[in-house]
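Here is what each chain is made of, one letter per residue.
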Amino acid sequence: MRRIRNELETDVLVVGSGIAGLSVALHAAQFARVLVVTKREGHESNTNYAQGGIAAALGEDDSLELHERDTLACGAGISDPEAVRVLVEEGPGEIARLLTLGVRFDRDPKLPGILALGREGGHSRRRIVHSKDRTGRAIESVLLKLAQRHPKISILENHIMVDLILDSKHVVGRKRPAARDRVWGAYVLDRATGKIRASAARATVLATGGAGKAYLYTTNPDIATGDGLAAAFRAGAPVANLEFVQFHPTCLFHPEAKSFLISEAVRGEGARLLTTDGRPFMHRYHRLGDLAPRDIVARAIDAEMKRRGDKFVLLDMARLKRRLLLKRFPHITTRVLAFGYDVFNDPIPVVPAAHYVCGGVVTDLDARTAIPGLYACGEVACTGVHGANRLASNSLLEALVFARRAGKAVLGELLSEARAPLPKLPVWRFNGAVAPKEQVIFDHNWDALRRVLWDYMGIVRTDERLRRAATMVGVLRDQIERDYWSYRLDSDLVELRNIGLVADLMVASARRRKESRGLHWNADHPRPLDRAFRKDTILTRQDVR
Ligand code: SIN
């Protein structure tokens, strides 16, 4: 007989504490109790590292139609037009809400009171609202403070989700199985003690961010291990478009810089890409030159590095006035100087790195997944906005817009079933698992996995490379699954299992798309094939182990 205990109970469980998680928590907390579970400290999220800003059609020369047009063009034919419309229409309202909450965005020095608007690749107008070059941090700190002070929000730090709790799998004592399966919260592991607690909730919102750590080189922080994506897939939710991994074109090339991002906004202000002999090259690849969409810039850099046998290209920021660099990009400027590059006088070496997963858990326009009780928003979700490529600075916007919609939908659900008691959940059974003899074997699998994706599923793919990636990821996953069921769980093993599944899903998606579109470039199929492939790549549990 399994022991039953709900150690944590709440109305709404939010997994993740970036802009999406905190926004949905603040919305839902108007009428419900919310528990935010986060695997490190509250502020540690992808959001916190976002430099660029939030795109919104606010300029005098701009319009919703232009923002919509740029987003759809970047999505290369498979964005959902309805989702894009929602995004651009609700964008300006979200900026206004952040201002009301106290987020300080930069103002135009020439037009008092008016927001300064930056420019980034793929945008036909200046429309990036920003807070110097640390926009994500400026938003995160305000939202986190509000959430910490909110009487209805509790934040549980240093806990990682192990798995979602499914009615069919975990709920005990039912006379008859429920007509339709649903999610009732999640099992969460306390990273300090190794204890796993059942967190029961009427609604569960995944806001776990991306999965950049599937790649050897990434702009993402260590937390980006695809936890929500993997858990949702295991629970039976379809995922879509995971072949579309965005590589940010410009990360500092330095052994200790850990792919430090150099915001695209610096090219928006006039910085230029050069080959190592000092020649500009982007004009040869796209009419927008250095401000072409990100997929084109990343591929052009990759091609130039391969053509010339170079390890990096150069980014000339010295073209910008010293005053501008210090005022608009203080964080980037200081970090680059600290790494020993004279950014005021010399071009700096840069390379692309994995940055953003455009696909994710399939949701509707209110962030509902296919499983009742489970929602997703932010990078973990596939709302349909990004299609085959994300327009720069549309991600924070998407997180805000769809988190608000999620909050509304969750409250609607709670009101419709407020009386239903939460089921009693069994305590987690460890199955007598033992501690591993050598922790280092997990590290080796982790490194191998990330190397495989970098080498075989990078900016340019081929059928053969993808075939090899599938074989190698398959072998590693078998090993990781065996470890998962044999050894005592800790957060490293949970993350490794998640990133293994996500890598498998990414490769499986890429192998299905035998064309080139947006971020998915397969040299064996270099053209888009609309008749066969102008659609999402959807994977369900039946498609992949
Ligand atoms: C950047 O600042 O270049 C990154 C912004 C984004 O990923 O949209």
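Note that the coordinates shown come from a computational prediction; the quantities given were computed from them, not determined experimentally. Throughout, residues of each chain are indexed from 1 in the direction in which the sequence is written. Owing to the predicted nature of the model, reporting of local features is limited to residues with pLDDT of at least 70; listing and counting of side-chain atom pairs is limited to 80 or more, with chain, interface and lining totals taken over all residues. Hydrogens and water are ignored here; the side-chain numbers use all heavy atoms of the structure.

## Examining the overall build of the protein
Piece 1. Within the protein one finds 16 helices and 18 strands.
Piece 2. Whereas a compact globule of 545 residues would reach a radius of gyration of roughly 24 Å, the protein reaches 23 Å, a difference of no more than 12%.
Piece 3. Each of the three principal axes of the protein carries a C-alpha extent, and together these read 70 × 55 × 50 Å.
Piece 4. Each residue's exposure class comes from its accessible area (1.4 Å probe, protein chains only) as a fraction of the maximum for that residue type: buried when under 20%, exposed when over 50%, partly exposed otherwise. Taking all 545 residues of the protein together, 61% fall into the buried category.
Piece 5. Throughout, a contact is declared for two residues whenever any of their heavy atoms are within 4.5 Å. In the protein, the proportion of contacts linking residues at least 24 apart, taken out of those at least 6 apart, comes to 75%.
Piece 6. Per element, the accessible surface of the protein, about 22100 Å² overall, is 51% carbon and sulfur.
Piece 7. Counted as positive: Lys and Arg. Counted as negative: Asp and Glu, with His and the chain ends omitted from the count. Here the site of a charge means NZ on Lys, CZ on Arg, CG on Asp, or CD on Glu. Of the side-chain charges in the protein, 83 are positive and 65 negative, and the distance between the mean point of each set is 2 Å. The helix count covers DSSP runs of H or I at least four residues long, the strand count covers runs of E at least two residues long, and both are numbered beginning at the N terminus. Here the radius of gyration uses the C-alpha set of atoms, whereas the globule reference equals 2.2 Å times the residue count to the power 0.38. A 1.4 Å probe and the Shrake-Rupley method give the accessible areas. Residues count as covered only by the protein chains that appear here.

## Thoughts on the pattern of salt bridges
Piece 1. Salt-bridge detection follows one rule: a side-chain nitrogen of Lys or Arg within 4 Å of a carboxyl oxygen of Asp or Glu. Counted according to the given criterion, the structure contains 46 salt bridges.
Piece 2. One salt bridge connects Glu-68 with Arg-85, and the closest N-O pair in it is separated by 2.7 Å. Taken together, the residues span a long stretch of sequence, with Glu-68 in helix H3 (residues 64-74) and Arg-85 in helix H4 (residues 81-101) at a distance of 17 residues.
Piece 3. Residue Glu-68 is classed as buried on the basis of its relative accessible area of 16%.
Piece 4. A salt bridge links Glu-464 to Arg-468, with the nearest nitrogen and oxygen atoms 2.8 Å apart. With Glu-464 and Arg-468 both in helix H14 (residues 463-486) and 4 residues apart, the pair spans about one turn of that helix.
Piece 5. Here the salt bridges do not stand alone but share partners, grouping Glu-90, Glu-94, Arg-97, Asp-364, Asp-366, Arg-368, Arg-404 and Arg-405 into one network.

## Topic: the site of the ligand
Piece 1. Only heavy atoms are used to decide nearness, and a residue is near a molecule or strand if one of them lies within 4 Å of it. The environment of the ligand is made up of Gly-52, His-248, Ser-263, Glu-264, Arg-294, His-355, Arg-390, Ala-392 and Ser-393.
Piece 2. Pairs of N or O atoms within 3.5 Å make up the polar contacts considered here, provided that, within protein, one atom can donate a hydrogen while the other can accept it, and that residues adjacent in sequence are counted only when both atoms are side-chain atoms. Within the backbone of Glu-264, one N or O atom sits 2.7 Å away from an oxygen atom of the ligand.
Piece 3. Within the side chain of Arg-294, an N or O atom sits 2.9 Å from an oxygen atom of the ligand.
Piece 4. Against a free-state accessible area of 260 Å², the protein chains account for coverage of 93% of the ligand.
Piece 5. Residues were grouped as follows: Ala, Val, Leu, Ile, Met, Phe, Trp, Tyr, Cys and Pro as nonpolar; Asp, Glu, Lys and Arg as charged; and all remaining residues, including Gly, as polar. Grouping the amino acids of the shell around the ligand by side-chain chemistry returns 1 nonpolar, 5 polar and 3 charged.

## Things to note about the environment of Glu-481
Piece 1. Within the element layout of this structure, Glu-481 appears in helix H14.
Piece 2. In this structure the C-alpha to C-alpha distance between Glu-481 and Leu-496, which are 15 residues apart in sequence, comes to 9.5 Å.

## Some points on the pairing of strand S2 (residues 34-37)
Piece 1. Every second residue of S2 is oriented toward a common face, with Val-34 and Val-36 on one face and Leu-35 and Val-37 on the other, all of them buried.
Piece 2. The pairing criterion is simple: DSSP has to find at least two bridges between the two strands. Across 4 bridges, strand S1 (residues 8-15) lies against S2 in parallel orientation. In the sheet register, Leu-13 faces S2, and the bridge partner there is Leu-35.
Piece 3. The parallel pair S1 and S2, bridged by helix H1 (residues 19-28), forms a crossover whose chirality is right-handed.
Piece 4. Here S2 pairs with strand S6 (residues 153-156) via 4 bridges, running parallel. The residue of S6 that forms the bridge with Val-34 is Ile-153. Crossovers are described as right-handed under a simple rule: with the strands pointing away from the observer, the path leading from the first strand over the helix to the second runs clockwise.

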